[in-house]
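This is what each chain is made of:
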Amino acid sequence: MTLISFVVPAFKVQGYLRECLDSILDQPYADLEVIGVDDASPDDSGEILAEYAARDPRVHPVRLTENVGLGPARNIGLDRAVGEHVWFVDGDDWLVAGCLPHVVDRLLATRPDVLIVDHVRAHWNNVGTRSAMRDVFPEPPGEATFRLRDRPETMRLLHTAWNRVVRRRFLLDRELQFAPGWYEDVSFSYPALMAAERIGVLDRVCLNYRQRRTGAITRTRGDRHFEVFAQWHRVFRLMDRWGPAVEELRPAVFERMIWHYLTVLGNGDRIAPELRPAFFAQIHADHTRFRPPGGYPVPGGVEGLKHRLVAAGRWRTFSGLRAANQAGDAARRSVRQVRRRVLPVARRTARVTRAAALREYYRAELRRPLDPTLALFAAYWYRGYACNPAAVYAAARQLAPQVRGVWIVRRDRVDTLPSGVEYVVAGTPAYYRALARARWLVNNVNFPDFVRKRPGSVHLQTHHGTPVKVMGLDQQRYPVGARGMDFAKLLRRVDRWDYSVTSNSFSTQMWERAYPAAYTTLEVGYPRNDRLALATPEEIRKLRAELGIGPDEWVVLYAPTHREHLPGWRPPFDPDRLLDVLGPAGRLLMRSHYFHDRDRRPRGPAAGGLLDVSSHDRVEDLYLVADVLVTDYSSAMFDYAVLDRPIVVYAPDWEAYRVARGVYFDLLAEPPGAVAVDFPGLLELFRSDAVRSTAAEQARQRFRARFCALDDGHAAERVVRRVFLDDRPERPTGDVERSGGVDAP
C-alpha cells in the first residue's frame, strides 16, 4: 500500500502549483501519490496537473466540470486516495525540502491517527513567521502519542487540514469529511482531533503556508465570512452526537470558537465596517447557545474583556475599545514615519533641488486633463525603440491612427530612433509633461517610482521575455541575485499595471506569482515575435547581405544572458576554436546583453568569420539571419524558437546559476535542443552535427509546443485592439485573457 496520498486541490493557483507539486515529488521518499483535483479552475491549473501526470505516474489528476469549492474538492481527492495516510496540501503552499523522511519515520514508529507537523507563514515579502508550536508546547512534545483530553492545548495549534497527516482508515471509519463553504477546516480539524485515539506532534517545520498578496480568502472582504458560524455549528452537532466521549472537551472547544470568531471580526481585511454589528450579534447568539453549563476558561487581560463584552452583547463598548486601540497604533506608526522621513539638510544637493523642481512641474501637470490621444512608449529603461513596445507602436499606427505615439528615449540614444518617430528626452520638462498627461503608458519594464497612476489612464506592461530565471517577488529567496532591489517599491509599480502581456501560459503562471496584483493578463503571444513569424525569404536575404553574410554561409549567433549576481562575468567561450569547428563556411555572430550597451564596441567588418553585433539595435534582424542560436539562460531561446531553427543551450555554470539566481524550470531537462555544459562539449555538438540531430529536433518541437503556440504573427494586433480600441478580437487556439482577482473557495 502507498504510504501517503497527497490531495492537492487547485483553483486559480497556476502561479504557485508547479512549486507545490515539485516540493512533493522531489522529496527523498518515493512511496507516495498525488491526487490533483482541478476544481474547474478558469486558469491553467488543470493543464499543469495533466502535464505533471504525463511525466510522473505518481500524479493522478481529477478534473471537475464545475467548481465545488475547497472542501468538496478535498473530499473527491480523499475518495480516490489509496494511501495509508492522507495529507491535504493546498495548491499554493509547498513542502520544506527533505521533510518527508522525518514525517515517514514518525508515522511508521508511532502509527498515529493524526500527526500534526509544524509550519511557517511564508509572506509575499519573503518574511517568514513561525507558528504557535513553541507557545503551545514550550517543552518539545516528543514522540509519544496522546488523546486530546490529555493535552487539550493541542487545539491552540492552527486548525487547518494541511498541517496534519491523517490515517485514511480513521477518516473513513469516523465518516469525517469536509463541509462546503468557507472555513471548511474548522469542522474537519477539531472533530478529527476529538475522535483520534492517537495524536502525534512533529515539531519540525514541514510546510510553507503562503501568505498571498492578492487572491487569498483571508484577505477578502465580504459576507461569506459569516459562513464561519455554520462550520462551528457542525462541530457542536458532532459533539452532541458523540455524547459523553467528548463532553469534557466542550469548554476548551467553546473557548476556541469564541477566539476564532473574534479573530475573524478583528481582521479589517475580512469584515467590512457595516457588517461588524451583525457579525458581533451572531457571536453573542452563539455564546448564549453553546456556552457550557459549567462555564469555560475565560482568558485574562484584554482578550478576557472581549469575551465578557460578547457575553453581555455590548457591541458599542466593544467597538469603542477597538477604535481606541487602533487610534493608539496609528499614532505610534505616524511618529515612526516622521522620524524616518527627516533628512539631514546637508544631503540636499543642487541635483536634488532641480529634480524636485521637475517633480513639482510633473505634479502640476497631473492636475491638467489627460490627453485622450497620447500614448507614451518606452523600452529597456529608455534605451530606444525596441521589443514589444515597438511592435505595439507600429501596429497602433496602422490600426489606431487617432492615437499619437510618443517615445521616451535617453539623450545618448536619440540617434537610434527610426525616422519619423516622435519622442521626448528623458529628464526634460517635455518628458514629465508627457508622463503626467498620457492616456496610455506602454513599457517592457517599469516606469519610475514617482509616476502616478491617474484615473482614466491605462498602463500596459509588455515584459521582455519568457522567464527562465526567477523574477519579481520570487527573487527574494535568492538575495545574491536580488542585491539592491526594493520589493515594496516594486509592488507599488506593479499595482499601476492595467494589462500584462504574456506569450504563453507558462509566463502567465510565473508572472502571477512574481507580480501579484489586480491587472488583466493578455495571453496573446509576444508582439515583438510577429516579425519572426511573418518574415519572408526575401527579407532574410536582404538582411544577410546588409551584414555581409553570404547566402551559403552557416551562421551561428551566440547571445548569452546577463548575470546580475556576477558583474563582469564572461562565459568560457573561445570564438576562434568554434570557428575552426564550423569550417570555412561558418560565420559566428556574438552579441552581449543590453545591460552592457555603454561599453559596446562599434560594429565592424568580420574578422576571420567573427562579427561582433552587440551594437546592432534590432536583435530580431540577428535571429532572422542566424541558422543556429547558442545561448545559456536568455529569453532569446523562446523568441528564436518561433523560427523553428536549431538552438543550443550552452550552460557551463548551470548548477551555480540555479542556486544563486534561481530558475523556474530545469532547462537541462526540458531544453529547446542540444545541450552542452562545457566548451569541449559545445565544440563536439557542432563537430558531430548533434546540433541538428533527431533528438535535438524532437526537443525543439516539444519546446515550441509549450512556449511558442501563440506566436502567429498577429500578437501586436490583438494587443492594440484590446488596449487601444477596447475590442476583443478572435483569438488563436490557447489564447486567453485573464483578470487578476480573488480566489473563490
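Reading the values: the criteria
- Residues numbered from 1 in each chain as written.
- Predicted model: local features only at pLDDT ≥ 70, side-chain atom pairs only at ≥ 80, totals over all residues.
- Heavy atoms only, no water.
- Helix = DSSP H or I, 4+ residues; strand = E, 2+ residues; numbered from the N terminus.
- Rg over C-alpha atoms; globule rule 2.2 N^0.38 Å.
- Buried < 20%, exposed > 50% of the residue type's maximum accessible area, 1.4 Å probe, protein only.
- Contact = heavy atoms within 4.5 Å.
- Lys, Arg positive; Asp, Glu negative; His and termini not counted.
- Charge placed at Lys NZ, Arg CZ, Asp CG, Glu CD.
- 1 Å grid on protein atoms, 1.4 Å probe; cavity = no way out; pocket = protein on both sides within 12 Å on 5 of 7 lines; lining within 4 Å.
- Points joined across faces, edges and corners; volume = space filled by probe spheres on them.
- Pairing = 2+ DSSP bridges.
- Right-handed = clockwise from strand over helix to strand, strands pointing away.
- Salt bridge = Lys/Arg side-chain N within 4 Å of Asp/Glu carboxyl O.
- Phe/Tyr/Trp six-rings, centres within 6.5 Å; stacked < 30°, edge-to-face > 60°.
- Lys NZ or Arg CZ within 6 Å of the ring centre and 35° of its normal.
- Axes fitted to C-alpha atoms, helices over the stretch in contact; angles between N-to-C directions.
- Parallel < 35°, antiparallel > 145°, perpendicular 65-115°, else oblique.
- Left-handed = near helix turned anticlockwise from the far one by under 90°.
- Polar contact = N/O pair within 3.5 Å; in protein donor to acceptor, adjacent residues only side chain to side chain.
- pLDDT = per-residue confidence, 0-100.
- Core = buried A, V, L, I, M, F, W, Y, C linked by side-chain atoms within 4.5 Å.

Novice: Whenever I open this one, the overall build of the protein confuses me. Can you help?
Specialist: The helix and strand tally for the protein stands at 27 helices and 23 strands. Here the C-alpha atoms of the protein give a radius of gyration of 30 Å, agreeing with the 27 Å that 2.2 N^0.38 yields for 745 residues. Once the C-alpha set of the protein is aligned to its principal axes, its extents read approximately 95 × 65 × 50 Å. Counting all 745 residues of the protein, 55% fall into the buried class. When contacts within the protein are restricted to residue pairs at least 6 apart in sequence, those whose partners lie at least 24 apart make up 74%. Taking the 107 positively charged and 93 negatively charged side chains of the protein as two groups, their mean positions are separated by 8 Å.

Novice: How should empty space enclosed by the protein be read in this particular structure?
Specialist: Over the atoms, a rolled probe matching the size of one water molecule traces out where space is still vacant. Tallied over the entire structure, the rule returns five cavities of 30 Å³ or more. Of the volumes computed, that of the largest cavity is approximately 70 Å³. Looking at the largest cavity, the residues that line it are Leu441, Asn443, Val445, Asn446, Phe447, His459, Leu460, Gln461, Arg496 and Trp497. Of all the elements in the fold, those that place two or more residues in the lining of the largest cavity are strand E13 (438–443) and strand E14 (458–461).

Novice: Would you mind showing me how to read unusual backbone geometry here?
Specialist: What you tend to see is this: most non-glycine residues have negative phi, and most peptide bonds are trans. One non-glycine residue, arginine 111, lies in the positive phi region at around 50°. Among the structural elements, arginine 111 can be located in the loop between helix H4 (100–110) and strand E6 (114–123).

Novice: Mind showing me how you'd approach the environment of valine 82 here?
Specialist: Checked against the element boundaries, valine 82 lands in the loop between helix H3 (70–80) and strand E4 (85–88). In this structure valine 82 comes out as partly exposed when scored by relative accessible area, which is 41%. Each C-alpha atom of the pair valine 82 and arginine 411 lies 66 Å from the other, and the pair is 329 residues apart in sequence.

Novice: Whenever I open this one, the pairing of strand E16 (residues 520–523) confuses me. Can you help?
Specialist: Along a regular strand, successive side chains alternate from one face of the sheet to the other. Side chains of E16 alternate between two faces, with Thr520 and Leu522 and Thr521 and Glu523 buried alike. As defined by bridge partners, strand E15 (residues 499–502) adjoins E16 across four bridges and the pair is classed as parallel. What sits directly across from tyrosine 499, in E16, is threonine 520. Remark: the E15/helix H18 (residues 505–514)/E16 crossover connection has right-handed handedness.

Novice: How should I be thinking about the pattern of salt bridges in this particular structure?
Specialist: Side-chain pairing between opposite charges can occur once the charged atoms of the two side chains come close. Taken as a whole and judged by the stated rule, the model has 49 salt bridges. Of the charged contacts in the structure, one is a salt bridge between glutamate 47 and arginine 63, with a shortest N-O distance of 3.6 Å. Here the residue glutamate 47 occupies a position in helix H2 (residues 45–55), and arginine 63 occupies one in strand E3 (residues 59–63), the gap between them amounting to 16 residues. Taking relative accessible area as the criterion, glutamate 47 reaches 41% and is therefore assigned partly exposed. Each of Arg18, Glu51, Arg55, Glu670 and Arg706 takes part in one network of salt bridges that share partners.

Novice: Can you walk me through the packing of aromatic side chains in this structure?
Specialist: Think of a pair of aromatic rings as described by two things: how far the centres are apart, and how the planes are tilted against each other in angle. Applying the stated criterion across every chain, the model contains 44 aromatic pairs. When the ring of phenylalanine 377 is compared with that of tryptophan 407, the centres are 5.7 Å apart and the planes differ by 20°; the resulting orientation is stacked. Here the residue phenylalanine 377 occupies a position in strand E10 (residues 371–378), and tryptophan 407 occupies one in strand E11 (residues 404–409), the gap between them amounting to 30 residues. Tryptophan 407 matches phenylalanine 377 in its accessibility class, with the two residues each being buried. Aromatic pair tyrosine 558 and phenylalanine 573: ring centres 4.0 Å apart, planes at 5°, arrangement stacked. Here tyrosine 558, found in strand E17 (residues 554–558), pairs with phenylalanine 573, found in the loop between E17 and helix H21 (575–582); they are 15 residues apart in sequence, far enough to count as distant. The buried category is assigned to tyrosine 558, whose relative accessible area is 3%. Feature note: the residues Phe377, Tyr385, Tyr393, Trp407, Trp440 and Phe724 constitute an aromatic cluster, connected by ring pairs. Of note, arginine 74 hangs over the ring of phenylalanine 178, and the distance from its end group to the ring centre comes to 4.9 Å. The ring of tryptophan 242 carries arginine 174 above its face, with NZ or CZ at 5.0 Å from the centroid.

Novice: What is the right way to read the packing of helix H1 (residues 17–25) against H2 from this model?
Specialist: Relative placement of two packed helices is described by the angle separating their axes and the distance separating the axes. Packing of H1 against H2 leaves a shortest axis separation of 10 Å and a crossing angle of 30°. Overall, the two elements H1 and H2 adopt an arrangement that is roughly parallel. Considering only the axes of H1 and H2, their crossing is right-handed. Here Leu17, Arg18, Leu21, Asp22 and Leu25 of H1 lie close against H2, whose contacting residues are Ser45, Ile48, Leu49, Glu51 and Tyr52.

Novice: So what exactly am I meant to see when it comes to the sheet that holds strand E22 (residues 674–676) here?
Specialist: As a general point, the strands of a sheet are linked pairwise by backbone hydrogen bonds and lie either parallel or antiparallel. Across the sheet, six strands lie side by side as E19-E18-E17-E20-E21-E22; this open sheet has parallel pairing. In the strand order of this sheet, the two ends are held by strand E19 (610–612) and E22, each with one partner. The average undirected angle you get between the axes of adjacent strands in this sheet is 20°. In this structure, strand E18 (residues 586–590) lies alongside E19, joined through three bridges in parallel fashion. Paired with methionine 590 across the strands is aspartate 612, a residue of E19.

Novice: Any chance you could explain helix H27 (residues 715–723) here in plain terms?
Specialist: Think of an α-helix as 3.6 residues a turn; residues three or four steps apart then line up on the same face. Most of H27 is tucked away: seven of the nine residues are buried. Within the span of H27, buried status applies to Ala715, Ala716, Arg718, Val719, Val720, Arg722 and Val723.

Novice: How should I be thinking about the environment of valine 613 in this particular structure?
Specialist: Relative to the elements of secondary structure, valine 613 occurs in the loop between E19 and helix H22 (619–625). Distance from valine 613 to leucine 588, taken between C-alpha atoms, is 9.8 Å for residues 25 residues apart in sequence. Not counting chain neighbours up to four residues away, the residues in contact with valine 613 comprise Leu557, Leu589, Met590, Arg591 and Leu622.

Novice: What is the right way to look at the side chain of histidine 463 in this model?
Specialist: Note on placement: histidine 463 falls in the loop between E14 and helix H17 (487–494). Assessed through its relative accessible area of 5%, histidine 463 is described here as buried. Here the side chain of histidine 463 touches serine 500 through a polar contact of 2.8 Å, side chain to side chain. Beyond its immediate stretch of four places on either side in the chain, histidine 463 contacts Cys387, Asn388, Asn443, Asn444, Trp497, Ser500, Val501, Trp511, Tyr515 and Tyr526.

Novice: Any chance you could explain the confidence of the model for the protein here in plain terms?
Specialist: Where the model shows low pLDDT, its predicted coordinates should not be examined in detail. Mean pLDDT over the protein: 89, with 90% of residues reaching 70 or higher. With pLDDT under 50 throughout, residues 342–347 is counted as low confidence; its partners more than four residues away or in other chains account for one contact. Note on residues 731–735: pLDDT is under 50 here. Beyond four places in sequence and across chains, it has twelve contacts.

Novice: Honestly, the nonpolar core in this entry has me stumped. Any pointers?
Specialist: Most often, soluble globular proteins have nonpolar side chains that are buried together. In terms of nonpolar packing, the biggest core is built from 65 residues, with Phe88, Phe170, Met194, Trp232, Val253 and Ile283 touching the most fellow members. Core analysis: the next-biggest nonpolar cluster, separate from the first, contains 54 residues, Val555, Leu629, Val642 and Phe665 among them.

Novice: Please explain the pairing of strand E9 (residues 199–211) as it appears in this structure.
Specialist: Among the 13 residues of E9, ten are classified as buried, and the element is accordingly described as predominantly covered. Across two bridges, strand E5 (residues 94–95) lies against E9 in antiparallel orientation. Counterpart to tryptophan 94 in the pairing with E9 is asparagine 208. The sheet contact formed by E6 and E9 spans ten bridges and is parallel. Its bridge partner being in E9, aspartate 118 is matched across the sheet by valine 205.

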